[in-house]
Amino acid sequence: MHSLPIFVRLQGRPVILAGDGEAALAKRRLLERAGAIVVREDGTAWAATGAPHSPVSADDIRSTDGPAAPRLAIVVDDEAAVARLKARGILVNAVDRPDLCDFTLPAIIDRAPVIVAVGTGGASAGLAAALRQRLEALLPTSLGDLADALFAARSAWRARYPDGPARRRAISAALAPGAIYDPLYPQSIAGTPSDDVTGSQDALASITLPSGDPDELTLRQARLLANADRVTHGRDVPLAILNRARADADRMPCDQAPTGLPGLTVDVRMA
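Residues numbered from 1 in each chain as written. Predicted model: local features only at pLDDT ≥ 70, side-chain atom pairs only at ≥ 80, totals over all residues. Heavy atoms only, no water.

## Looking at the nonpolar core
Across soluble globular proteins, you tend to see nonpolar side chains buried next to one another.
Turning to step 1, where the next piece is worked out: In terms of nonpolar packing, the biggest core is built from 15 residues, with Leu 225, Val 231, Ile 241, Val 266 and Val 268 touching the most fellow members.
Turning to step 2, where the next piece is worked out: Every element with two or more residues in this core is listed here: strand S7 (203-209), helix H8 (219-227), helix H9 (239-242) and strand S10 (264-270).
Turning to step 3, where the next piece is worked out: Residues contacting Val 268, with those up to four places away along its chain left out, are Ile 207, Leu 209, Leu 225, Val 231, Thr 232, His 233, Gly 234, Val 237 and Ile 241.
Turning to step 4, where the next piece is worked out: Ile 16, Ile 37, Val 75 and Cys 101 belong to the second largest nonpolar core, which has 14 residues in total. (Core = buried A, V, L, I, M, F, W, Y, C linked by side-chain atoms within 4.5 Å. Buried < 20%, exposed > 50% of the residue type's maximum accessible area, 1.4 Å probe, protein only. Helix = DSSP H or I, 4+ residues; strand = E, 2+ residues; numbered from the N terminus. Contact = heavy atoms within 4.5 Å.)

## Observations regarding the pattern of salt bridges
Two side chains bearing opposite charge may form a pair once their charged atoms approach each other closely.
Turning to step 1, where the next piece is worked out: Tallying each qualifying case throughout the model produces 14 salt bridges.
Turning to step 2, where the next piece is worked out: In this structure, Glu 79 and Arg 97 form a salt bridge, with 3.2 Å as the shortest nitrogen-oxygen distance. With Glu 79 in helix H3 (residues 79-87) and Arg 97 in the loop between strand S4 (91-94) and strand S5 (107-111), this pair connects stretches of sequence that are 18 residues apart.
Turning to step 3, where the next piece is worked out: Residue class for Arg 97 comes out partly exposed when judged on its relative accessible area of 32%.
Turning to step 4, where the next piece is worked out: Among the charged side chains, a network of salt bridges with common partners joins Glu 79, Arg 97 and Asp 99. (Salt bridge = Lys/Arg side-chain N within 4 Å of Asp/Glu carboxyl O.)

## Things to note about the environment of Ala 159
Turning to step 1, where the next piece is worked out: Looking at the element boundaries, Ala 159 is found in helix H6 (residues 154-160).
Turning to step 2, where the next piece is worked out: Assessed through its relative accessible area of 61%, Ala 159 is described here as exposed.
Turning to step 3, where the next piece is worked out: Measuring from C-alpha to C-alpha, the distance between Ala 159 and Pro 193 comes to 9.7 Å, with 34 residues separating the pair along the chain.

## Thoughts on the environment of Arg 269
Turning to step 1, where the next piece is worked out: Examined against the element boundaries, Arg 269 turns out to sit in strand S10.
Turning to step 2, where the next piece is worked out: Between the C-alpha atom of Arg 269 and that of Val 237, which follows or precedes it by 32 residues, the distance is 6.6 Å.
Turning to step 3, where the next piece is worked out: With residues near it in sequence (within four places) discarded, Arg 269 still touches Ile 207, Thr 208, Leu 209, His 233, Gly 234, Val 237, Cys 254, Asp 255, Gln 256 and Ala 257.

## Some details on H3
Turning to step 1, where the next piece is worked out: Those residues of H3 not exposed but buried are Ala 81, Val 82 and Leu 85. The arc that holds every buried residue of H3, seen down its axis, measures 105°, which confines them to one face.
Turning to step 2, where the next piece is worked out: Elements in contact with the buried residues of H3: strand S1 (14-18), strand S3 (72-75) and S4.
Turning to step 3, where the next piece is worked out: Positive phi shows up at Gly 89, right after H3, with a value of about 80°. (Arc of directions from axis to C-beta.)

## Quick word on the side chain of Arg 167
Turning to step 1, where the next piece is worked out: If you trace the backbone, Arg 167 turns up in helix H7 (residues 164-174).
Turning to step 2, where the next piece is worked out: Buried charged residue Arg 167 carries no salt bridge. Nearest counter-charge: Asp 163, at 7.5 Å.
Turning to step 3, where the next piece is worked out: One polar contact links the side chain of Arg 167 to the main-chain carbonyl oxygen of Tyr 161, over a distance of 2.8 Å.
Turning to step 4, where the next piece is worked out: If we ignore the near neighbours within four places in the chain, the residues touching Arg 167 are Trp 157, Arg 158, Tyr 161 and Pro 162. (Lys, Arg positive; Asp, Glu negative; His and termini not counted. Polar contact = N/O pair within 3.5 Å; in protein donor to acceptor, adjacent residues only side chain to side chain.)

## A look at the layout of surface pockets
Turning to step 1, where the next piece is worked out: Estimates place the volume of the largest pocket at around 1,400 Å³.
Turning to step 2, where the next piece is worked out: At the level of elements, helix H1 (22-33), S3, S5 and strand S6 (114-118) are the ones that each hand at least two residues to the lining of the largest pocket. (1 Å grid on protein atoms, 1.4 Å probe; cavity = no way out; pocket = protein on both sides within 12 Å on 5 of 7 lines; lining within 4 Å. Points joined across faces, edges and corners; volume = space filled by probe spheres on them.)

## A short note on the sheet that holds S7
Turning to step 1, where the next piece is worked out: Pairing is parallel in the open sheet, where 4 strands are placed in the order S7-S10-S8-S9. The sheet is open, and its two edges are formed by S7 and strand S9 (250-253), each paired on a single side. Within the sheet, the average angular offset between the axes of one strand and its neighbour, ignoring direction, is 20°.
Turning to step 2, where the next piece is worked out: Here 4 bridges tie strand S8 (residues 230-233) to S9, and the two strands are oriented parallel to one another. Looking at S9, one finds that Val 231 is bridged to Arg 251.
Turning to step 3, where the next piece is worked out: Across the sheet, H8 is in contact with S7, S8 and S10; its angle to S7 comes to roughly 130°. (Pairing = 2+ DSSP bridges. Axes fitted to C-alpha atoms, helices over the stretch in contact; angles between N-to-C directions.)

## Observations concerning the sheet that holds S1
Turning to step 1, where the next piece is worked out: Read from one edge of the open sheet, 4 strands run S2-S1-S3-S4, paired in parallel fashion. Sheet topology places strand S2 (37-39) and S4 at the edges, where each strand pairs with a single neighbour. Direction aside, the axes of adjacent strands within the sheet are offset by 25° on average.
Turning to step 2, where the next piece is worked out: In the packing of H1 onto the sheet, contacts are made with S1, S2 and S3, and the angle to S1 comes to roughly 170°.

## Regarding the packing of aromatic side chains
Turning to step 1, where the next piece is worked out: Here the structure, examined in full by the defined rule, presents 1 aromatic pair.
Turning to step 2, where the next piece is worked out: Both rings, one in Trp 157 and one in Tyr 161, keep their centres 6.0 Å apart while their planes meet at 25°; by these two values the pair is stacked. You'll find Trp 157 and Tyr 161 in the same group, each marked buried.
Turning to step 3, where the next piece is worked out: Between the NZ or CZ atom of Arg 40 and the centre of the ring of Trp 46, over which it lies, the distance is 4.0 Å. (Phe/Tyr/Trp six-rings, centres within 6.5 Å; stacked < 30°, edge-to-face > 60°. Lys NZ or Arg CZ within 6 Å of the ring centre and 35° of its normal.)

Laid out in structure tokens, this is it:
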């Protein structure tokens, strides 16, 4: 993985935008959508567009260690500015120059509060845009409402499933394809626990793989890995396969899968 995707809250925070032209204006609009205060390298504000006015001074913005010091910058066609900003300890996105970037900006599908980001590490903005367009057509506008409802129902889920792993499995079952809260085709956006799903089963599922290529996983195998509480596996199972499991799922290399463990255990072996 060439980069770690993160989501940064920019509301009310200064971000430097160096450069002019259509590319700079497009980045400015994106930053303002996120609530950032867009300033130039010298700390002066861009011309007003209805975006938040900076509550801090240009001197504060030019500083390197104060609470108002910018931490991020986007630079359009100015390699010298990239060098100056990096010397101040600021993380820089250099538009169309992935070799100079500390971070890249993805293509975005916005179903607030759900945000889907597609990045290629600067390899192809066109590919990221094409994927975004395909995903835009797949993700319903109700997705944000469903997320808000699930958030509001957290206490109800905890009361129904006090055990954490059981609660996670129940929520996963409710969000499964064809289930009540299927994100693509929801039957409801109430977000509360449903009698149609349960999170109480302990199970052992076995997967035998003819290939170490993760692209050859079946849909069933991919779902099992994504929902596993732990993955037991032979020592010859490639890391690329194991990485399809949740990051917080336990991994247990062993010659034979143990039995009687709580939650969903997925045992993976090579054929």
